[in-house]
Amino acid sequence: LRNLRIVEVELLDPLQCSTITEDIDSVIWCATDFNGNAPRAVASLDFAFLFRAVASPTKGRVEIEGLQNILGGLKNGKQSQKWRSKLDGSSSNAGIDPTSAALDGPNDPISFILVSSSPDIFGNFETPYGEFNGLKRQGERMLRNDFPSLSYSILRMGLFD
């Protein structure tokens, strides 16, 4: 784990997300705006979250727009790495067909791990943007459909008694 880096970032800021995803191999995504199935601004009574929710209610959701920002930054970073290695003839992307849309070689780590929740774990909670499980599934669909060049794994976590 010596190459592991944990970074705090405003996930709803595309520029910050692009900056932190430059020259990285993988992202493990477990960010959420929820505490259980209740919005964090309401559940925690954290004034910072509450202020963000009241001051800018249409700014976005971590589950959708935040995820999209990180995925976009990761894809752009990997495309830049592929382009640079193609220009300088390096073998950092050995095994990747330069004409292929794939950004990972056969021996590269999975680009993105999305930690989500199983649909049966929490009850549905209505939010201004839709229900809790719907937001989680929308993020999973976005990863599968909108970023096909990234390798990924979706982990749907559950409860263990």
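Residues numbered from 1 in each chain as written. Predicted model: local features only at pLDDT ≥ 70, side-chain atom pairs only at ≥ 80, totals over all residues. Heavy atoms only, no water.

A. Inspection of the pattern of salt bridges at higher detail. Within this structure, the stated rule accounts for 4 salt bridges. For arginine 137, the salt bridge goes to glutamate 140, with nearest N and O atoms at 3.1 Å. A residue pair is termed a helical-turn pair when its members lie 3 or 4 positions apart in one helix, as arginine 137 and glutamate 140 do in helix 5 (residues 132-146) at 3 residues. The same class applies to arginine 137 and to glutamate 140, which are both buried. For the salt bridge of arginine 156 with glutamate 140, the shortest nitrogen-to-oxygen distance reads 2.5 Å. Residue arginine 156 is located in strand 7 (residues 152-157), and its partner glutamate 140 is located in helix 5; the two are separated by 16 residues in the primary sequence. Its relative accessible area of 41% is what places arginine 156 among the partly exposed residues. Judged by relative accessible area, which is 1%, glutamate 140 ranks as buried. (Salt bridge = Lys/Arg side-chain N within 4 Å of Asp/Glu carboxyl O. Helix = DSSP H or I, 4+ residues; strand = E, 2+ residues; numbered from the N terminus. Buried < 20%, exposed > 50% of the residue type's maximum accessible area, 1.4 Å probe, protein only.)

B. Broad picture of the side chain of glutamate 63. By secondary structure assignment, the location of glutamate 63 is in helix 4 (residues 62-88). The class of glutamate 63 is buried, set by a relative accessible area of 5%. There is a polar contact of 2.2 Å between the side chain of glutamate 63 and the side chain of threonine 32. (Polar contact = N/O pair within 3.5 Å; in protein donor to acceptor, adjacent residues only side chain to side chain.)

C. How the structure looks around helix 5. Look at helix 5: 21 Å from first C-alpha to last across 15 residues, which is about the 21 Å you get at 1.5 Å a residue. Of the residues making up helix 5, those classed as buried are Phe132, Asn133, Leu135, Lys136, Arg137, Gly139, Glu140, Met142 and Leu143. One side-chain oxygen of the residue at the start of helix 5 lies 3.0 Å from the amide nitrogen of asparagine 133, identifying that residue as glutamate 131. (Expected span 1.5 Å × (residues − 1).)

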